[in-house]
Amino acid sequence: MNALRACLAALLGLMLGVNAMAQNAGSGPVLDTLFLKLRDATDPSAIRTLEAAIWEQWVMVPDMSQRALMMRGIAEMQQQQFESSIETFTRLIDVAPALSEAWNKRATAHWLTGNFTASLADICETVKREPRHFGAYSGLGMIRAEMGETARAVAAFELARRWNPHIAGIDDEIARLKALGGDQGADADPLGCGRPTT
C-alpha cells in the first residue's frame, strides 16, 4: 500500500503540475490517440510524456475566466489550502459543469481533507464525463481500500489499470487486496454511483 501511495502522490503531483494555460478544450480525438499510444507504450520516458499529455488535455479550459478558476484551484491545492480549493472548484463546476477535471480536482481536495463521501460523489461525476479517468479510479481505489471495501477497491484499481496499464505499484496493490479477500464478491458498481462501470 505504501508503494501505491507513493505512486499516487507522484500522480497527484503530475496532475497539479500540468500546464493549465492551454488554449483549447481537451479534444476527444486527441485523447483517443493519446490513450491508444499509452496502452501500447513500453519506453518509460514515452509513458511519462503520454500521461502528462493526457492530464494536460483534461485541464484544458478555453474560457479565460474558467481557466483562471482552474489555475487558482490548482495553486490552492499546491499550497495545501484545500478548503479554499474546494470553494474555487465549486465555482468552476457551477459555471462549467461538463468539465470533468473540475470535478476530479474537487474530489481530490475532498479526499485530502478526509471527506470520503464528498470525494466519492465527485468521482462519480468525473467518470460520468470522462470514463477513462485513471486518476479518478486510482483515487477511488485508495478510498475504498481505506474504507475496508477490498472488493470495490480491487474493481476500482482494475478500472484504473485498464486505461493506464503503467501505474507503478498498482499490480502489487491489486494482488495485496485480493489476498485480503478482494477477489470475492466484486461489485459491478465499484463507484457506488448506482450504475455499472464499463
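Predicted model only: the values in this text are computed from it and were never measured.

Asks: Explain the overall build of the protein chain to me, and be specific about the residues and the numbers.
Replies: From N to C terminus, the protein chain includes 10 helices and 0 strands. Each helix (α) and strand (β) of the protein chain, taken in turn from the N terminus, gives the series α-α-α-α-α-α-α-α-α-α. Of the contacts formed within the protein chain by residues at least 6 apart in sequence, a portion of 65% connects residues at least 24 apart. For the protein chain, the exposed area adds up to about 8900 Å²; of that, 54% sits on carbon and sulfur atoms.

Asks: Explain the packing of helix 7 (residues 116–129) against helix 8 (residues 134–146) to me, and be specific about the residues and the numbers.
Replies: Relative to each other, helix 7 and helix 8 sit at 150°, their axes nearing to 10 Å. On the basis of their axis angle, the class for helix 7 and helix 8 is roughly antiparallel. Along this stretch, helix 7 crosses helix 8, giving a crossing that reads as left-handed. Residue-level inspection shows Phe116, Ser119, Leu120, Ile123, Thr126 and Val127 of helix 7 in contact with helix 8, the latter providing Ala136, Tyr137, Gly139, Leu140, Ile143, Arg144 and Glu146. Grouping the amino acids of the contact of helix 7 with helix 8 by side-chain chemistry returns 8 nonpolar, 3 polar and 2 charged.

Asks: Go over the environment of Gly135, please, and point to the residues and values.
Replies: Assignment of secondary structure puts Gly135 in helix 8. Counting along the chain gives 29 residues from Gly135 to Asn164, while the straight-line C-alpha distance between them is 9.1 Å.

Asks: I'd like a rundown of the packing of aromatic side chains, residues and numbers included.
Replies: The full count for this structure, using the stated rule, is 6 aromatic pairs. Between Phe35 and Phe134 the ring centres are 6.1 Å apart and the planes differ by 75°, which places this aromatic pair in the edge-to-face class. Here Phe35 is found in helix 2 (residues 28–40), whereas its partner Phe134 is found in helix 8, with 99 residues between them in sequence. Assigned by exposure class, Phe35 and Phe134 land together as buried. Between the aromatic rings of Trp58 and Phe134, the centroid separation amounts to 5.3 Å while the plane-to-plane angle is 50°, which identifies the pairing as tilted. Here the residue Trp58 occupies a position in helix 3 (residues 44–59), and Phe134 occupies one in helix 8, the gap between them amounting to 76 residues. Classification of Trp58 by relative accessible area gives buried; the value is 4%.

Asks: Tell me about helix 3, and name the residues and values.
Replies: Counting along an α-helix, one turn takes 3.6 residues, and residues three or four places apart therefore face a common direction. The terminal C-alpha atoms of helix 3 lie 23 Å apart, and with 16 residues this matches the ideal 22 Å at 1.5 Å per residue to within 8%. Turning to helix 3, its buried residues are Ile47, Leu50, Glu51, Ile54, Trp55, Gln57, Trp58 and Val59.

Asks: Could you give me a rundown of the side chain of Glu76, with the residues and numbers involved?
Replies: Positionally, Glu76 belongs in helix 4 (residues 64–78). Residues in contact with Glu76, not counting those within four places in the same chain, are Gln81, Ser84, Ser85 and Thr88.

Asks: Explain the pattern of salt bridges to me, using residue names and the numbers behind them.
Replies: Counted under the stated rule, the structure contains 12 salt bridges. Close ionic contact of Lys128 with Glu125 constitutes a salt bridge, the shortest N to O distance being 3.3 Å. Taken together, the residues Lys128 and Glu125, both in helix 7 and 3 residues apart, mark about one turn of the helix. The exposure class assigned to Lys128 is partly exposed, which follows from its relative accessible area of 49%. The shortest N-O distance in the salt bridge between Arg144 and Glu149 comes to 2.9 Å.

Asks: So, the nonpolar core: which residues are in play, and what are the values?
Replies: Within the largest apolar cluster, 32 residues are counted, with the highest numbers of intra-cluster contacts made by Ile54, Trp58, Phe134 and Phe157. Those elements giving two or more residues to this core turn out to be helix 2, helix 3, helix 7, helix 8, helix 9 (150–163) and helix 10 (170–182). Broken down by element, the residue count for this core peaks at 7 residues, all from helix 8. Counting 14 residues, the second-largest nonpolar core is a separate cluster that includes Met70, Ile74, Ala102 and Trp103.

Scoring rules and cut-offs
- Residues numbered from 1 in each chain as written.
- Predicted model: local features only at pLDDT ≥ 70, side-chain atom pairs only at ≥ 80, totals over all residues.
- Heavy atoms only, no water.
- Helix = DSSP H or I, 4+ residues; strand = E, 2+ residues; numbered from the N terminus.
- Contact = heavy atoms within 4.5 Å.
- Areas by Shrake-Rupley, 256 points an atom, 1.4 Å probe, with all protein chains shown as cover.
- Axes fitted to C-alpha atoms, helices over the stretch in contact; angles between N-to-C directions.
- Parallel < 35°, antiparallel > 145°, perpendicular 65-115°, else oblique.
- Left-handed = near helix turned anticlockwise from the far one by under 90°.
- Nonpolar A, V, L, I, M, F, W, Y, C, P; charged D, E, K, R; others polar.
- Phe/Tyr/Trp six-rings, centres within 6.5 Å; stacked < 30°, edge-to-face > 60°.
- Buried < 20%, exposed > 50% of the residue type's maximum accessible area, 1.4 Å probe, protein only.
- Expected span 1.5 Å × (residues − 1).
- Salt bridge = Lys/Arg side-chain N within 4 Å of Asp/Glu carboxyl O.
- Core = buried A, V, L, I, M, F, W, Y, C linked by side-chain atoms within 4.5 Å.

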